[in-house]
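Here are the chains, one letter per residue:
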Amino acid sequence: MRCFPSIHCSCRKVNQLLFIRHRLSRTPFLSQMHLPTGSFSLRQIKAATRNFDPENKIGEGGFGPVYKGILPDGSMIAVKQLSSKSKQGNREFVNEIGMISALQHPNLVRLFGCCIEGNQLLLIYEYMENNSLARALFGPEGLRLNLDWQTRRKICIGIARGLAYLHEESRLKIVHRDIKTTNVLLDKDLNAKISDFGLAKLDEEENTHISTRIAGTMGYMAPEYATRGHLTEKADVYSFGVVALEIVSGKSNAKYLPKDDYIYLLDWACVLQEKGTLLDLVDPALGTNFSIEEAQQMLNLGLLCTNQSPTLRPAMSTVVSMLEGHTPVPVPTMKVNRTESMELRFRAIETPSWDGDSQAVSMGAHMANSSFSIQSSKEDLFRSTTSRLLDDFG
Ligand SMILES: Nc1ncnc2c1ncn2[C@@H]1O[C@H](COP(=O)(O)OP(=O)(O)OP(=O)(O)O)[C@@H](O)[C@H]1O
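Definitions and cut-offs
- All residue numbers here refer to positions counted from 1 along the written sequence of the relevant chain.
- Confidence filtering applies because this is a predicted model: local features only for residues at pLDDT of at least 70, side-chain atom pairs given and counted only at 80 or more, and all residues used for totals across whole chains, interfaces and linings.
- Values reported for side chains reflect all heavy atoms of the structure, with hydrogen atoms and water molecules removed beforehand.
- UniProt positions are given in the numbering used here, feature names are shortened, and annotations may be inferred rather than shown by experiment.
- In this analysis, strands are considered paired if DSSP registers two or more bridges between them.
- Helix numbers and strand numbers start at the N terminus; a helix is a DSSP run of H or I with at least 4 residues, a strand a run of E with at least 2.
- One heavy atom within 4 Å of a molecule or strand makes the whole residue count as near it.
- Polar contacts, as counted here, are pairs of nitrogen or oxygen atoms within 3.5 Å of one another; within protein the pair requires one atom able to donate a hydrogen and one able to accept it, and residues that are adjacent in sequence qualify only if both atoms are side-chain atoms.
- Residue polarity is assigned by list, with Asp, Glu, Lys and Arg as charged and Ala, Val, Leu, Ile, Met, Phe, Trp, Tyr, Cys and Pro as nonpolar; anything else, Gly included, falls into the polar class.
- Here the limits of each domain have been adopted from an automatic or database domain assignment.
- Between the first and last residue of a helix there are one fewer steps than residues, each counted as 1.5 Å, and that sum is the expected span.
- Three exposure classes are used, based on accessible area relative to the maximum for each residue type with a 1.4 Å probe and protein chains only: buried under 20%, partly exposed in between, and exposed over 50%.
- Within this scheme, the nonpolar core is defined by two criteria: the residues are buried Ala, Val, Leu, Ile, Met, Phe, Trp, Tyr or Cys, and they are joined through side-chain atoms within 4.5 Å.
- For this analysis, residues touch if any pair of their heavy atoms sits within 4.5 Å.
- Every residue carries a pLDDT, the predictor's confidence in it, which falls somewhere between 0 and 100.
- Salt bridges are identified by distance alone: a Lys or Arg side-chain nitrogen within 4 Å of an Asp or Glu carboxyl oxygen.
- Each axis is a line fitted through C-alpha atoms, and for a helix only the stretch in contact is used; angles between axes span 0 to 180 degrees, taken between their N-to-C directions.
- By definition in this entry, angles of less than 35 degrees are roughly parallel, angles greater than 145 are roughly antiparallel, angles of 65 to 115 are roughly perpendicular, and the rest are oblique.
- Handedness of a crossing follows from how the near helix is turned relative to the far one, being left-handed for an anticlockwise turn of less than a right angle and right-handed for a clockwise one.

Looking at an unreviewed UniProt entry, one finds the chain named Protein kinase domain-containing protein, with Spirodela intermedia as its source organism. Taken from UniProt, the Subcellular location (unreviewed entry) comment for the chain reads in full: "Membrane".

Below, the structure is given as structure tokens:
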């Protein structure tokens, strides 16, 4: 089990933040980063959220609750409150601040600043009016959105552009490690923005890409990373592929069925691909209001990105080009691995049981504590740097 220091009530934290700023700016590797200039006082945040009024609570994640707030100038904010019971904790809090402050892109959620005061550790983001893609696609009746085809496509392209920026265009090459529908937020115009950089990692050339600390969400983790700790940007490409399939189908990758069998959307997609009926996966809620050609393209792309072999997955810039229609999408040639458990799942597939998502069971189990045995290990520089900072932090 990972152990997190409890949060003490003192202005020592403010000094610690200043110290972290100082240390980050002096760390050669991180000197390109700048911590958010926006430092908020607890009084400002309490006023904005009406003292963390439960009515303003808009979500709950691994860090703790998230509140909606409004600043005196009328701008809306989302406040992530690091709970003292958080399973994630200070390490990811610092990581999130460091990572996202160094990044700016229309498809990444903006961090306005942070507040470290009293017993509070808070991150302040731009408010995303339409909450998460997960809620838009799989939320309960009333909260779910009727996303039309063009909007689904726009969201998919937005996520791809955000990832292409992280992997190939930003000054720091970053693997997000936790791409999933709850980490894609939607603004008032339903533009997609990637959030949650608590697990993000810098992709350095000298890195062996083997990690001892596997973290991510089941159902979205690339097989080579989940089983061997082999982490490259292609792990994000895999997760993106799963999300693309979810966007087209309107179904979560994990669905709990009677008899305790799990059926994975990805397995189903492979079966349909083999049968030549991949288009059956398109969300029935769309009726006939979608482009067959574009849907086929997006489904093919979803399968291409989830190829078992990372080298056969396209780079995210290629994915963007494919989605924009500048590069043809090759037809995937995936073979279904017919294990015994797959046979079980096939039987479930033959009896259609997608009845909306109200009973879907989340497979979002975090694997940060998993004890996979991995042969080689090398602490990456960023991790050791943040660890040192955290040692200093308390
Ligand atoms: N900037 C924001 N604007 C609007 N809603 C937000 C914002 N950030 C988070 N939320 C809401 O709060 C929820 C929790 O977010 P958070 O990033 O803390 O955790 P998560 O990504 O859902 O889960 P985990 O931390 O376990 O990966 C989101 O699913 C979303 O509904």
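Caption draft 1: Here's a closer look at the pairing of strand β2 (residues 57-60). As defined by bridge partners, β2 adjoins strand β3 (residues 65-70) across 3 bridges and the pair is classed as antiparallel. From the neighbouring strand, Lys-57 faces β3, where its bridge partner is Tyr-67. The hairpin formed by β2 and β3 contains 4 residues between the paired strands, and Gly-64 there has a positive phi angle of roughly 140°.

Caption draft 2: Examining the site of the ligand more closely. Not every one of the 21 residues close to the ligand is listed here, only the nearest: Gly-62, Glu-126, Asn-131, Asn-183 and Asp-196. Here a nitrogen atom of the ligand sits 2.9 Å away from a polar atom, N or O, in the main chain of Glu-126. One of the backbone nitrogen or oxygen atoms of Met-128 is found 3.0 Å away from a nitrogen atom of the ligand. At the level of secondary structure, the elements contributing two or more residues to the shell around the ligand comprise β2, β4 (76-81) and β6 (120-126). Take the shell around the ligand: its biggest share by element is 3 residues, from β2. Per-class residue counts for the shell around the ligand are 7 nonpolar, 8 polar and 6 charged. When residues of the shell around the ligand are assigned to domains, at least three map to each of domain 1 (10-126) and domain 2 (131-348).

Caption draft 3: Here's a closer look at helix α7 (residues 234-249). In this model α7 runs 23 Å from its N-terminal to its C-terminal C-alpha over 16 residues, within 8% of the 22 Å that 1.5 Å per residue would give. α7 sits mainly inside the fold: 16 of its 16 residues count as buried. Positioned one or two residues after α7, Gly-250 has a phi angle of 70°, which is positive.

Caption draft 4: Representation of the nonpolar core in the model. Counting 68 residues, the largest nonpolar core has Leu-133, Ile-159, Phe-240, Ile-247 and Leu-323 as its most contacted members. Residues lining this core come from more than one domain, with at least three contributed by each of domain 1 (10-126) and domain 2 (131-348). Among residues more than four places away in sequence, those in contact with Leu-323 are Arg-153, Cys-156, Ile-157, Ala-160, Phe-240, Met-298 and Leu-301. Counting 12 residues, the second largest nonpolar core, distinct from the first, contains Ile-45, Leu-71, Val-79 and Leu-122.

Caption draft 5: Quick peek at helix α9 (residues 292-305). Along its 14 residues, α9 runs 20 Å from first to last C-alpha, staying within 8% of the 20 Å computed at 1.5 Å per residue. Inspection of α9 places Glu-294, Ala-295, Met-298, Leu-299, Asn-300, Leu-301, Gly-302, Leu-303, Leu-304 and Cys-305 among the buried residues, and these make up the whole buried set. Looking at the packing, one finds that the buried side of α9 touches α5 (149-169), α7, α8 (265-275) and α10 (316-323).

Caption draft 6: Seen up close, the confidence of the model for the chain. Mean pLDDT over the chain works out to 74, with 64% of the residues at or above the 70 mark. Mean pLDDT across the elements of the chain ranges from a minimum in helix α12 (residues 381-393), with 34, to a maximum in α10, with 98. Low pLDDT (under 50) marks residues 1-36, which in the prediction has 74 contacts with non-local residues, meaning those over four places away or in another chain. Low pLDDT, under 50, characterises residues 256-260; the predicted model gives this stretch 6 contacts beyond four residues in sequence or across chains.

Caption draft 7: Spotlight on the pattern of salt bridges. If you walk through the whole model with that rule in mind, you get 11 salt bridges. The partner of Lys-80 in a salt bridge is Asp-196, and the shortest N-O contact between them spans 3.7 Å. Remark: Asp-196 occurs in the loop between β9 (192-194) and β10 (201-202) and Lys-80 occurs in strand β4; sequence separation between them is 116 residues. Of the two residues, Lys-80 and Asp-196, neither departs from the other in class, the shared state being buried. Measuring nitrogen to oxygen at the nearest pair gives 2.5 Å for the salt bridge that ties Glu-324 to Arg-161. In this pair, Glu-324 is assigned in the loop between α10 and α11 (340-350) and Arg-161 in helix α5, connecting sequence segments 163 residues apart. According to the relative accessible area criterion, Arg-161 is partly exposed, its value standing at 36%.

Caption draft 8: Quick look at the environment of Pro-314. Assignment of secondary structure puts Pro-314 in the loop between α9 and α10. Looking at Pro-314, the relative accessible area reads 10%, which means it is buried. Residues Pro-314 and Leu-304 lie 10 residues apart in sequence; the distance between their C-alpha atoms is 7.4 Å. Those residues within four positions of Pro-314 in sequence are excluded, and the remaining contacts are Lys-234, Val-237, Leu-304, Cys-305 and Val-319.

Caption draft 9: The packing of α9 against α10, seen in detail. Between α9 and α10, the shortest axis-to-axis distance is 11 Å and the interhelical angle comes to 165°. By the angle class used here, α9 and α10 are roughly antiparallel. With respect to the hand of their crossing, α9 and α10 are arranged in right-handed fashion. The segment α9 lies against α10, with Gln-297, Met-298, Leu-301, Leu-304 and Cys-305 engaging Val-319, Met-322 and Leu-323. Residue composition of the contact of α9 with α10, by class: 7 nonpolar, 1 polar and no charged.

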